[in-house]
Amino acid sequence: MLRLAFLFIIFLWLSFRWWRNRSSVIINWPVVGMLPGLSLNSSRIHEFLTYVLQQCGGTFAFKGPWFGSLDFLVTSNPANVHHILRKKVFNYHKGLEFKEIFAESFGDGIFCADGDRWKTQRRTIHSFIKDSKFEEAVERIIQRKVSQGIFVILEHFSEQREEVDMQDVLKRFMFDFACLLMLGFDSNSLSIDFPQVPYKQAYYDMEEVLLQRHVKPQWFWKLQKWLQIGEERKMKISSEIFDRLLYHCISREKELLNRSKTPMHRDDFDFLTFMLVEDNNQEEREMSAFKKSEKYARDMALNLLSAGSETVSSGLTWFLWLVATHPLIEKSILEEMKTNLNGEGDGDGKGRHFSFEELSKLNYLHAAMCESLRLYPPVPFEHTVSVGSDTLPSGHQIGKNTRVIYSPYSMGRMEEIWGGDCLEFKPERWISNKGELGDVSPYRFTAFNAGPRACIGKELAMVEMKAVGAAVIWNYSLQVVENHPILPSNSIVLHMKHGLKVRVLKRSHL
């Protein structure tokens, strides 16, 4: 009888908890927590989290299964974001779970690093970006790949009057660009025949598995990894394929340097060259034995290659779609280019690209890029873990080792942050009454992160996007194929789920 009474009391308690939570945005079920609600909406996770945050005032505590490790707090509150990324940044780090998810692929690179290791790598990257050869190398590679790659492909599909997946074009462009800038290696994936490049596909497969690790219980994906089945087997195969490319490039670079015994020529400037030869910072030299290990070079190069390809191609794809579907904004961009750049063509009929100096004059183009990134940030959510307990400005209590997620995607859709027209594509919100670019807090516009961990390559990413975007818009009109579905994919980087199918028309002003 006592056992039955005890079980009856437990039943009443569980029923009360369910009744108390049944009217919440996500029902907190006994034992399984809110996992069923999250799973049912996993195919539209970004929109679902946005809806939840809108209903809960910008911050929501998710409760996972009782015997799991899926509890987290998600926020879109700028005050909370500022607190986490600036005011109490010392209390938040990547966390062990994040490193376990990513370390197999990204190793000890800057994505997973904390503390002194992160500071050292950031200094190395900063020195690389500030090198006198860097901007010239970036501009040269972009112009070459635009002229010999993007223009050739778009010209072909324009003449053939066939549809082309612009997202695929841009992903190939940025993959080639990043390989050249980081590894000194041209993967040549950007061509009319759209070749299958094994290591390019391997990278995308790795990215897909990393997202799945975020939403699966840790014990489950670790069991799959141990048994080498399902997605985890795909991860192992893909990692091995991509590592062969990375270590081949590192070995080739070392061989070339040992053979020449002289600094590499300007045309060969890339990150591996910089790491192995041209770093003269005393603090870095003290770590030379560690830095020049192949493992260190591999981790650093992969982290930068990832940051420099996937995010920019995502940003460009959404930008070109928004411009193509907003003809008045497209017209304003073209008029600004004609006014500031005299609208001169190359004269050889092969299309025109623009120098970085020319691009710096295009404020409206810059504003349109920022507005696109506000609505469709390449990294839709960011992850951190509390070191100790804390209280957020919103009043939410944070326990020790609590996973905290802030969502740039959701933040771009909050009326409290951007006003009642937050869902509109409106570049004018970035321009002052004097026609100058206005200042927006990085804790409201978080596409490039903020605080000490703000994206060190922000300016590079913006100039890459402007260079490619301006070249495409000036030379061609893109028309989105009728009834083509436009949906964000469930991936770590916010790609389009079904690509961007367009028809290409060459502009007549050339």
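If you look the protein chain up in an unreviewed UniProt entry, it shows as Cytochrome P450 from Salix brachista. Taken from UniProt, the Cofactor (unreviewed entry) comment for the protein chain reads in full: "heme".

### As for unusual backbone geometry
Even without glycine at this site, Asn 401 takes up a positive phi of about 55°. Looking at the element boundaries, Asn 401 is found in the loop between strand 7 (397–398) and strand 8 (403–406). Taking relative accessible area as the criterion, Asn 401 reaches 55% and is therefore assigned exposed. For Asn 449, which is not glycine, the phi dihedral falls at a positive 60°. Structurally, Asn 449 can be placed in the loop between helix 20 (415–418) and helix 21 (458–475).

### What about the UniProt feature "binding site: heme" (unreviewed entry) in the protein chain?
Summarizing the sequence annotation, UniProt attributes the feature "binding site: heme" (unreviewed entry) to Cys 455 in the numbering used throughout. Tracing the backbone shows Cys 455 in the loop between helix 20 and helix 21. Residue classification places Cys 455 among the partly exposed residues on the basis of a relative accessible area of 38%. Discounting residues that sit within four places of it in the chain, Cys 455 has contacts with Phe 448 and Asn 449.

### Brief notes about the sheet that holds strand 4 (residues 164–165)
Strand order across the open sheet formed by 3 strands is 4-10-9, with antiparallel pairing between neighbours. At either margin of the open sheet sits one strand with a lone partner, and together these are strand 4 and strand 9 (476–480). Here strand 4 runs beside strand 10 (residues 501–506); their pairing, made up of 2 bridges, is antiparallel. Counted as the bridge partner of Val 164 is Val 502 from strand 10. Set on the sheet, helix 7 (residues 134–160) makes contact with strand 4, strand 9 and strand 10; between it and strand 10 the angle comes to about 90°.

### Regarding the side chain of Ser 187
As for its position among the elements, Ser 187 is in the loop between helix 8 (166–183) and helix 9 (198–215). You can call Ser 187 buried: its relative accessible area is 8%. At 2.3 Å, the side chain of Ser 187 and the side chain of Asp 176 are in polar contact. With sequence-adjacent residues up to four places away left out, Ser 187 is seen in contact with Phe 175, Asp 176, Val 197 and Tyr 199.

What counts, and at which threshold
Residues numbered from 1 in each chain as written. Predicted model: local features only at pLDDT ≥ 70, side-chain atom pairs only at ≥ 80, totals over all residues. Heavy atoms only, no water. UniProt positions renumbered as here; feature names shortened; annotations may be inferred. Helix = DSSP H or I, 4+ residues; strand = E, 2+ residues; numbered from the N terminus. Buried < 20%, exposed > 50% of the residue type's maximum accessible area, 1.4 Å probe, protein only. Contact = heavy atoms within 4.5 Å. Pairing = 2+ DSSP bridges. Axes fitted to C-alpha atoms, helices over the stretch in contact; angles between N-to-C directions. Polar contact = N/O pair within 3.5 Å; in protein donor to acceptor, adjacent residues only side chain to side chain.

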